[in-house]
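Chain and residue survey
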Amino acid sequence: MSSFFKKTACVTGIILLGLFGLIGFYSTTLPDFYLVSKGSELSVNSFFTISSKPCESKVTVAVSGGSSGASRYTKNMLMLFGAVPVKEVESKTMERPMLYPCGQPFGIKLLTEGVMVVDLQKVDSSSPAKDCGIREGDVIVSIDGEKVKSNADVAKIIRSSNGEACSVRIKRGSNDLTFKLCPRLESGSYKAGMWVRDSSAGIGTLTFYDPENETFGGLGHPVCDADTKEPLPLSAGTVGEINLTGFNKSRSGCPGQLLGEFANSASTGDILKNCESGVFGTLNANPCPNAKEFSLGFRQEIHPGKAKILSSIDNDGPKEYEISIEQINLSDSAEHDLVIKITDKTLLEKTGGILQGMSGSPIIQDGRLVGAVTHVFIEDTAKGYGIFADEMYSKTSELAESTIENAG
């Protein structure tokens, strides 16, 4: 009998350890905030059942504005197996938005806020910019109180300094810093020992258009400087139509690339935000008026398995291609949200997988827009990363709400 109780206690202990392990795992990997469709309850699509119940001390706050209209925030307790508390989270109830997934290429033109330092070079024996503390990736806002917007502005001020120390104000991340730069004479001209960049242009893919607010989201990742890999600080930006001229096929170790050119100089919209989630702004007209609208899928609804992407590899327009969602990372600290794999034989034969320039291609699962392609794996170009669509949508919502506030 004692042996029976010992075995029972051992089994019980193992079960409890496993349960505590699950609770610990889900408490750290599940996010603290969720969007929930009006009339639905919060639940997480997971291997084990994760449901929720309102907290007794729930706080509900009415919010107005944006395409979702009135919404409210609620405190919820996530429950494992419907009975075991995991963690307290917050959810926002909203009308599920209807969006146009685009999947078509668009041209991106950005002017930076200030100029970005992309290289440090020696003048004679050392770099004056490096010596005073300036780094690659720093954004120069002004020199001696004069705002700079181009490489020419910087060169003009440095040349006219006559070698006297210049006060250089920069932005480094969220920090504002000021350095004293002493230009050095070389070949009859004063130089700072740095290269700067003031603009960028490229090709990406439009993810969605929100007809209610006339806003768009695209790319799924920021536009970064080619040298420093840092996001370009946006001063102004426009989007335009692109003619695709072909592509370089992807192969292991060498991702391919969409090739194209701006169709004309006309702008079709404005870029208002360049951030970790992509580029966002307003369009002059719906870029896909004949396309079907899809409802927005929330991150907790996504599941591993079959899905589709909408993408363009030529000028015949976007086409659907089959993919598989292989991994989903809901953690707030996750570097990437999704891992996807191209399974469509036609696309694999034509392109070798994901191409650079396909970033932003919308991901559709269960009839909902759930994400966008962001990166291609270098060693396995059939695979890549993706971002949650609700993360991108939140940025266009912020733009819409700020427009309403400014108008008011």
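Values in this document were obtained by computation on a predicted structure and should not be read as measured data.

As for its position among the elements, Gln-104 is in the loop between β6 (98-101) and β7 (105-120). Polar side-chain contacts of Gln-104 include one of 3.5 Å to the backbone oxygen of Pro-287.

Here the focus is the confidence of the model for the protein chain. The predicted model of the protein chain has a mean per-residue pLDDT of 87, with 90% of residues at 70 or higher. The weakest mean pLDDT in the protein chain belongs to strand β3 (residues 61-63) at 48; the strongest belongs to strand β25 (residues 362-365) at 98. Within the model, the stretch residues 62-70 combines pLDDT values under 50 with 18 contacts to residues more than four positions away or in other chains.

It is worth spelling out the packing of aromatic side chains at this point. With the rule as written, the count across this model stands at five aromatic pairs. Ring geometry for Phe-106 and Phe-216: centres 6.1 Å apart, planes at 75 degrees, overall edge-to-face. Here Phe-216 lies in strand β15 (residues 215-218) and Phe-106 lies in strand β7, a separation of 110 residues in the sequence. There is no split in this pair, since Phe-106 and Phe-216 are both buried. Taking 4.8 Å as the distance between ring centres and 65 degrees as the angle between the ring planes, the aromatic pair formed by Phe-377 and Tyr-385 counts as edge-to-face. When its relative accessible area of 22% is taken as the criterion, Phe-377 is described as partly exposed. Of the residues examined, Tyr-385 reaches a relative accessible area of 26% and is grouped as partly exposed. Geometry around Phe-262 places Lys-109 over its ring, the cationic atom sitting 4.5 Å from the centre. We note Lys-292 situated over the ring of Phe-294; from NZ or CZ to the ring centre the distance is 5.0 Å.

This part takes up the pairing of strand β20 (residues 278-283). A large share of β20 lies buried, amounting to five of its six residues. Looking at chain direction, β15 and β20 are connected through four bridges and run antiparallel. Following the sheet pairing, Thr-215 is matched in β20 by Thr-282. Bridge analysis of strand β19 (residues 269-275) against β20 gives six bridges, and the strand direction is antiparallel. Within the sheet, the bridge partner assigned to Cys-275 lies in β20 and is Gly-278. Joining the antiparallel neighbours β19 and β20 is a turn of two residues.

So, about the side chain of Lys-395. Structurally, the position occupied by Lys-395 is in helix α5 (residues 389-407). In this structure Lys-395 comes out as buried when scored by relative accessible area, which is 17%. Excluding residues that lie within four positions of it along the chain, Lys-395 makes contacts with Lys-273, Cys-275, Ser-277 and Phe-280.

As a further point, take the pattern of salt bridges. Scanning the entire structure with this criterion turns up 15 salt bridges. Residue Asp-138 is joined to Arg-172 by a salt bridge in which the shortest nitrogen-to-oxygen separation is 2.8 Å. Of the two residues, Asp-138 is situated in the loop between α2 (128-132) and β8 (139-143) and Arg-172 in strand β10 (residues 166-172); the sequence distance between them amounts to 34 residues. In terms of burial, Asp-138 and Arg-172 fall into one category: buried. Glu-301 is the salt-bridge partner of Arg-368, the closest N and O atoms lying 3.4 Å from each other. In this pair, Arg-368 sits in strand β26 (residues 368-376) while Glu-301 sits in the loop between β21 (294-296) and β22 (305-311), placing the two residues 67 residues apart along the sequence. With relative accessibility at 24%, the residue Glu-301 sits in the partly exposed group. Among the charged side chains, a salt-bridge network with shared partners connects Arg-299, Asp-390, Glu-391 and Lys-395.

Reading the values: the criteria
Residues numbered from 1 in each chain as written. Predicted model: local features only at pLDDT ≥ 70, side-chain atom pairs only at ≥ 80, totals over all residues. Heavy atoms only, no water. Helix = DSSP H or I, 4+ residues; strand = E, 2+ residues; numbered from the N terminus. Polar contact = N/O pair within 3.5 Å; in protein donor to acceptor, adjacent residues only side chain to side chain. pLDDT = per-residue confidence, 0-100. Contact = heavy atoms within 4.5 Å. Phe/Tyr/Trp six-rings, centres within 6.5 Å; stacked < 30°, edge-to-face > 60°. Buried < 20%, exposed > 50% of the residue type's maximum accessible area, 1.4 Å probe, protein only. Lys NZ or Arg CZ within 6 Å of the ring centre and 35° of its normal. Pairing = 2+ DSSP bridges. Salt bridge = Lys/Arg side-chain N within 4 Å of Asp/Glu carboxyl O.

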